[in-house]
Amino acid sequence: MKTAIVTGASSGMGREFVRQIQSLYPDIFEIWVIARREEKLKELPGNPIPLKIYPFDLAKETDQLRYKEELERQRPQISLFIHCAGIGILGRMDQIAPKDQIQEVWLNCEALTAVTLYTLPYMKKGGRIIELVSSAAFAPQPGFGVYAATKAYALSFTRTLRAEMKKRQIFVTAICPGPVNTPFLKEMERVKKRPAWKKIFLADPKKVVKKALRDSRKRKELSVYGIGMKGWYLVSKMIPHKIVLAILSRE
Ligand SMILES: NC(=O)c1ccc[n+]([C@@H]2O[C@H](COP(=O)([O-])OP(=O)(O)OC[C@H]3O[C@@H](n4cnc5c(N)ncnc54)[C@H](OP(=O)(O)O)[C@@H]3O)[C@@H](O)[C@H]2O)c1
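Small disclaimer: the values here were computed from a predicted structure and weren't measured. (Residues numbered from 1 in each chain as written. Predicted model: local features only at pLDDT ≥ 70, side-chain atom pairs only at ≥ 80, totals over all residues. Heavy atoms only, no water.)

(A) Inspection of helix H8 (residues 227-238) at higher detail. Here H8 spans 17 Å end to end across 12 residues, near enough to the 16 Å set by a 1.5 Å rise per residue. Residues Met229, Trp232, Tyr233 and Ser236 constitute the buried set of H8. The buried residues of H8 all sit within an arc of 105° when viewed along its axis, so they share a single face. Looking at H8, the residues exposed on the side facing more than 90 degrees away from the buried face are Ile227 and Met238. Where the residues of H8 are buried, they touch helix H5 (145-165), strand S7 (222-223) and helix H9 (241-248). (Helix = DSSP H or I, 4+ residues; strand = E, 2+ residues; numbered from the N terminus. Expected span 1.5 Å × (residues − 1). Buried < 20%, exposed > 50% of the residue type's maximum accessible area, 1.4 Å probe, protein only. Arc of directions from axis to C-beta. Contact = heavy atoms within 4.5 Å.)

(B) Looking closely at the site of the ligand. Around the ligand there are 30 residues in total, and Ser11, Arg36, Asp57, Tyr147 and Thr182 lie nearest to it. Taking serine 10, its side chain carries an N or O atom lying 2.8 Å from an oxygen atom of the ligand. At a separation of 2.5 Å, an oxygen atom of the ligand approaches a polar side-chain atom of serine 11. Mapped onto the shell around the ligand, the elements with two or more residues apiece are helix H1 (12-24), H5 and helix H6 (183-188). The biggest single contributor to the shell around the ligand is H6, with 3 residues. Split by residue class, the shell around the ligand holds 18 nonpolar, 8 polar and 4 charged. (Near = heavy atom within 4 Å. Polar contact = N/O pair within 3.5 Å; in protein donor to acceptor, adjacent residues only side chain to side chain. Nonpolar A, V, L, I, M, F, W, Y, C, P; charged D, E, K, R; others polar.)

(C) How the structure looks around the packing of helix H3 (residues 61-74) against helix H4 (residues 98-119). H4 packs onto H3 with a crossing angle of 10° between their chain directions and a minimal axis gap of 10 Å. By the criterion of interaxial angle, the relationship of H3 to H4 is roughly parallel. Within the contact between the two elements, H3 uses Gln64, Leu65, Tyr67, Lys68 and Leu71 and H4 uses Glu110, Ala111, Ala114, Val115, Tyr118 and Thr119. Across the contact of H3 with H4, the residue classes tally to 7 nonpolar, 2 polar and 2 charged. (Axes fitted to C-alpha atoms, helices over the stretch in contact; angles between N-to-C directions. Parallel < 35°, antiparallel > 145°, perpendicular 65-115°, else oblique.)

If you want it as structure tokens, here you go:
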């Protein structure tokens, strides 16, 4: 019996993944949904695929271990693991409270590592892992420095995991969108507003998630939504990061 697990399921793209799994994957028997806000998780549709709700704070080791214990107790056969929980704050490193930036590292790097590694023993042959990374992973970004660094970690982690999991026939995809219209954007503007030009790249979460699921089915390494972000990916490969840093530092 196949299980799907979605972290960050209370909002934005995680919530949209749950909705699309509900309508596209009738062979899945249950979906575990994870985030801190239990009331938001309870608003998700519980059919045609039933949900198991876990209100865990994944930035806390105690809750990461509760997740691990649930896996050990229930021993699910996971065919789809989607990790969306993540945060980001715009602003220079000396403008944002250190504790908030450290929290970004805990959630975007440490929690990503912990929950993914705890999940691996339960992944079925042929199963798929989707990690919500970001186009911010492609190059360092002044004004979004800690976030971009955490996502560079996430991208490197995901690519290596993909290479290592090939033997087990588990297929891993990194999702690297640019700005997506979710509550994440409002949260990230707590200290500084986004530059207006970035708004032209704003993507619809339904479309980003649809493409992510399609690219994962095709066993792609990367899923980059939209021509703008595909262009940014190429630029970040071709132009030395010293130049990218100099240009972005002007904002
Ligand atoms: N939106 C964008 O522009 C964009 C672009 C590229 C990449 N991304 C990445 O996409 C992922 C999903 O973002 P989104 O846009 O869907 O944002 P969102 O709507 O803000 O959703 C973030 C999710 O993460 C969960 N979360 C936050 N802190 C958590 C914690 N400590 N423990 C457990 N869950 C936690 C939130 O739930 P609770 O608050 O209930 O815990 C929420 O469900 C993130 O990794 C983000 O970095 C977003």
